[in-house]
Amino acid sequence: IDLTVQQDMEKLNHTFPAFKDNYHLIKRIGEGTFSTVYKAEDVRYDRYNNSWDLDARDNQWEPPPPLKTTSNSRTNSKVNPSRRPRKFVAIKKIYVTSSPSRIFNELELLHDLRDSPSVCPLITAFRHSDQVLAILPYFRHQDFRKYYPNMTVPDIKLYFRSLFTALAAVHEKGILHRDIKPTNFLYDPDKQRGVLVDFGLAEREGVDHKPCLCHLDQDSRRQKIRATYALNASHAGPQPGYPKNDTRPSRRANRAGTRGFRAPEVLFKCTEQTTKIDIWSAGVILLTILCKRFPFFNSTDDVEAMIEIATIFGVKRMRQAGQLHGCVFETNIPSIGAQGFSFEKIMLWSTCRSDGSKDNKNAELTDEEKGAVEFLNRCMDLDPSRRISAEEALRHKFLQIDSE
Ligand code: ADP
Ligand code: MG
């Protein structure tokens, strides 16, 4: 154990005195923007009943029930204690700089999702003044960077079957995760199972929404855009360059998420974001695996992110995507073409099967890969209303595993 972990552990044991009798900290497994996560052994786990005997709503410390040494319903009551299976938990120490409402939001959503498949459940949580600990079952997983380059198409199907199972459950409850990316989906390639973690940025769909043009039909949207332009023109007259007396209301939209994984509607500051933003992010993971490049997008800000997306989709489609949310997309960057490139081409280039020269112009993806690209196109549709839902994705040909 390194010194800082030792110090962390002593601090935790000091803040939560009953802690060390119940959880034995083993090591630090994660350090993010919002928390530090430790692996610990749960010595309270009732190994005979295979349950935690805890009430997730209770944040007061209760002394653990004594381990049952006799059991009339079980035959293994005389198991040698040293041979009992050990139970591990992940202890997420949420930084005190997080606002109380934010911390409450995360714990409440996790509680709502406790029975959802492929979502890491919350066992319990503790609070001591401003310090909050969330206790989750420890989930063995591998680092994405280690396994993604070797994934075959059947491996990819299993991975996304598991991820979309979690997303379907979360979305069914009307919850947006907002931060879908490899470090928040803990996957075990050996067991071919994953769990979704980190609801720190998650929110309920429809909360804090203002109507956005993208929810109107095409005609009403056009009418509304024309009306806005007319209003602007009558107030200030058409002006070259950046408008000085812009009468359009300023836009404020939730941009929470991780760079490279933000959906186009998030970049266009859509004020009525839906669960489809998570599908886009899942699509970015798929694109990463298929192209064997991580991170695939590498922008530092939203404008750069738009440029990256526009390079793939082309100006024409990007302009249409902006219009959905009442935004005008213009660029004079020469490398952004009108039509963009197909994912098929991008995959061939990034896996070095084609450089566009005559020699390998006929390079082709395998049929399996073509199936993956077709699915990718459904996940990375620029129009959120046309993008596939998690529920639909689970029924999509690409995610059918048994029928093959
Ligand atoms: P943050 O909000 O700081 O990103 P996360 O909930 O994403 O916190 O956890 C950070 C990291 O800790 C994860 O990427 C993962 O490596 C590890 N981790 C979190 N929960 C678990 C768990 N239940 N089992 C195993 N590892 C976990
Ligand atoms: Mg995280």
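All values derive from a computational prediction rather than experimental measurement. (Residues numbered from 1 in each chain as written. Chains lettered and ligands numbered in written order. Predicted model: local features only at pLDDT ≥ 70, side-chain atom pairs only at ≥ 80, totals over all residues. Heavy atoms only, no water.)

Draft legend 1. Structural view of the packing of aromatic side chains. Going through the model one piece at a time under the given rule, you end up with 21 aromatic pairs. With centroids separated by 5.9 Å and ring planes inclined at 50 degrees, the aromatic side chains of Y147 and Y187 adopt a geometry described as tilted. You can see Y147 sitting in helix α3 (residues 144-147) and its partner Y187 sitting in strand β7 (residues 185-188), a full 40 residues away along the chain. The same class applies to Y147 and to Y187, which are both buried. Each ring, one from Y148 and one from F294, has its centre 6.0 Å from the other, and the planes form 65 degrees; the classification is edge-to-face. Residue Y148 is located in the loop between α3 and α4 (153-172), and its partner F294 is located in the loop between α7 (276-291) and α8 (302-323); the two are separated by 146 residues in the primary sequence. (Phe/Tyr/Trp six-rings, centres within 6.5 Å; stacked < 30°, edge-to-face > 60°. Helix = DSSP H or I, 4+ residues; strand = E, 2+ residues; numbered from the N terminus. Buried < 20%, exposed > 50% of the residue type's maximum accessible area, 1.4 Å probe, protein only.)

Draft legend 2. Up close: the coordination of the magnesium ion (ligand 2). The coordination sphere of the magnesium ion (ligand 2), as far as protein atoms go, consists of N184 (OD1) and D198 (OD), spread over 2.2 Å. One end of the pair, N184, is in the loop between β6 (175-176) and β7; the other, D198, is in the loop between β8 (193-196) and β9 (203-204), and 14 residues separate them in sequence. (Donors = N, O, S within 2.8 Å, 3.2 Å for Na, K, Ca; no water.)

Draft legend 3. Representation of the side chain of D381. Turning to its location among the elements, D381 is positioned in the loop between α10 (367-379) and α11 (390-395). Among the polar contacts listed, one links the side chain of D381 to the backbone nitrogen of D383, at a separation of 2.9 Å. With residues near it in sequence (within four places) discarded, D381 still touches W280, R386 and R387. (Polar contact = N/O pair within 3.5 Å; in protein donor to acceptor, adjacent residues only side chain to side chain. Contact = heavy atoms within 4.5 Å.)

Draft legend 4. Examining the nonpolar core more closely. Counting 88 residues, the largest nonpolar core has Y159, F160 and F164 as its most contacted members. Beyond its immediate stretch of four places on either side in the chain, F164 contacts I279, A282, F375, C379, A390, A393, L394 and L399. V5, L12, F16 and A40 belong to the second-largest nonpolar core, a separate cluster that totals 15 residues. (Core = buried A, V, L, I, M, F, W, Y, C linked by side-chain atoms within 4.5 Å.)

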